[in-house]
Each structure stands twice: as structure tokens, then as C-alpha cells.
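# Geometric and topological summary
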Amino acid sequence: MRVCRLGRLVVLALLLSGSALWADAGRPAEAASPEEDTLFQTSTLSALMVGLLGGVVPISDLAGQGDLGLGTLEGLDGELLCVDGVFYQVSASGAVREVAPDEMAPFAMVTHFEPDIAVEVPDGTDLPGLTALLDATRPSDNAFYAVRIEGAFRAMKTRSVPRQEPYAGLMAAVAEQSVFELGATRGTLVGFWFPAFVAGLNLPGYHFHFVTDDRAAGGHVLGLTTDEVSAALDVTPILHLALPGTSEFLEADLSQAGSAAKAEK
Ligand SMILES: [Zn+2]
């Protein structure tokens, strides 16, 4: 059940690029730089669903793969997010702290955020309105996107989950979640959008984590209303998926893990 350094991970790189996508996004395929246009992901959501919560990648390795991201910590200990290269944990108590480089994550994704498409978000937009706007802006349903939104919010509703001991699946943790109504606040929303075809690997659709400007509150986003925000999408056509090399992962039956959509919505 113990940790496995990134060097021992079995690395599977899915190289997905399409010139039509890049033409739509205003950038040719040749402009894709592996560093900026790669989404790095450790482990799979289906592994979390069945309770594979041992850390498999140190935060320091994630930091080398991107400056914007989200995930969780060993034992499903709260909500993890990375803003400007700094990793934060929002614990089930609601407290926010900076995560040390040697702490381990069982599941996380990061990218070097380079805004490709700016998104106009009117004041007073709620979460369904925001996702509809982003949907209308995304050039394709068959690509991966990172989202960064920052500024003032009229309302923000988040949750976090408690560390599982013994390890239980994501649904059990979500049943024990704490919910926070943050009210009017300023901060940064980190998000990703995945196509339906990633089911099992990651969460199809949107997944947002939030942290306030004063780094005092945040979590996995359940609802919001914007005030004055700036928003941008980063098209990341390259998915670098690092599968854990632990026997726990390699011997697990992930065929029945099902969809995590219910747990994360
Ligand atoms: Zn989350």
C-alpha cells in the first residue's frame, strides 16, 4: 500500500492531436508545444472509486509537470488544487494549507496553463450558465481543456471530503463531505473539461476547484455566482497518463468501477 515514485510509474502517453481542432482554436497543430499543451494525469478516477487511495506521485513531481491543477491527497484527504505552481489542500474542516513537496497524491492532473481562448463571463452568471458559456466557446467536444477563472464572486459553494481510514471509495467519502457557503469572495477557480470518452480515466464534463485570494477557504465547487471575473480556456490536446506501478493498482479489478459522475457532480 506504500508509495511509488514517479520514476517507477508505468507511463502511458496518449498522444492526441488534430489539425482541425487547432485550426478552430486559432493555433496550428505545429504550434503545439509538448510542455504547454500537455495535460499530465496520475492514476485514474476508477482507481479512486474502488478505494485505491495510496499516494503514487509526490507533489514535487506534479509541480514539474504543470502550474495549474487539481486532485486529492493520500487517503482522499481533502481537495487539492494548484494555482501558479503552488499546491493547496482544502481539508474537510475547511482549512487551507500549502502542501509540502514530499506529500503524495493518489490522483491528480496538472498542465502548464497557457490561455488559448478568452471567455466573456457576464456578472451574475451561475454555475450552469458558466458551463453553458464554456460549452459554447469550446471548439470541439473531442479534446481536453483546462480552465482558469479569477476575480470576484457573489457566491461560492464548495465541499471537501475527510481522509478515509481505512481506505474507502470516493462515494463513501462524498457521503461524509463538508459543504461550505463562502458567500461573496475573491479567488481563483481551476477547472478541467473532459470528453465522454474518458469515462473511467477521468470525469467527463467539468470539474472545478476553488481557493480564495487570501488562501483561507475553498474546495470542490458545487455552485457559484460570478461578479467580475476573467476566464480563459487552454486547449491541451496531449494527455500524458501515468499509471501507478504499485501492486495495489496493477492487481485491482477496475472493470466494475463504474462512472464517477454522480460522486463528483
Ligand atoms: Zn474535486
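For the structure given in this document, a descriptive report is provided here. (Residues numbered from 1 in each chain as written. Predicted model: local features only at pLDDT ≥ 70, side-chain atom pairs only at ≥ 80, totals over all residues. Heavy atoms only, no water.)

Now for the overall build of the protein. Counting secondary structure elements, the protein contains 7 helices and 16 strands. Per-residue burial over the protein gives 55% buried out of 265 residues. Looking at the protein alone, contacts between residues at least 24 apart form 79% of all its contacts between residues at least 6 apart. Put simply, the protein shows about 10,500 Å² of open surface, and 52% of that area lies on carbon and sulfur atoms. (Helix = DSSP H or I, 4+ residues; strand = E, 2+ residues; numbered from the N terminus. Buried < 20%, exposed > 50% of the residue type's maximum accessible area, 1.4 Å probe, protein only. Contact = heavy atoms within 4.5 Å. Areas by Shrake-Rupley, 256 points an atom, 1.4 Å probe, with all protein chains shown as cover.)

The coordination sphere of the zinc ion contains the protein donors H207 (NE2), H209 (NE2) and H220 (ND1), at a distance range of 2.0 to 2.1 Å. Mapping the donors of the zinc ion onto the primary sequence yields the spacing H-x1-H-x10-H. With H207 in strand β14 (residues 205-212) and H220 in strand β15 (residues 218-235), this residue pair connects regions lying 13 residues apart in the sequence. We note that H207, like H220, is buried. (Donors = N, O, S within 2.8 Å, 3.2 Å for Na, K, Ca; no water.)

Mapped onto the secondary structure, T158 falls in strand β11 (residues 145-160). On the basis of relative accessibility, which here comes to 0%, the residue T158 falls in the buried class. At a separation of 2.9 Å, a polar atom in the side chain of T158 contacts the main-chain carbonyl oxygen of G218. Once you skip the residues sitting within four places of it in the chain, T158 turns out to touch S178, V179, F180, L182, F210, G218, G219, H220, V221 and L222. (Polar contact = N/O pair within 3.5 Å; in protein donor to acceptor, adjacent residues only side chain to side chain.)

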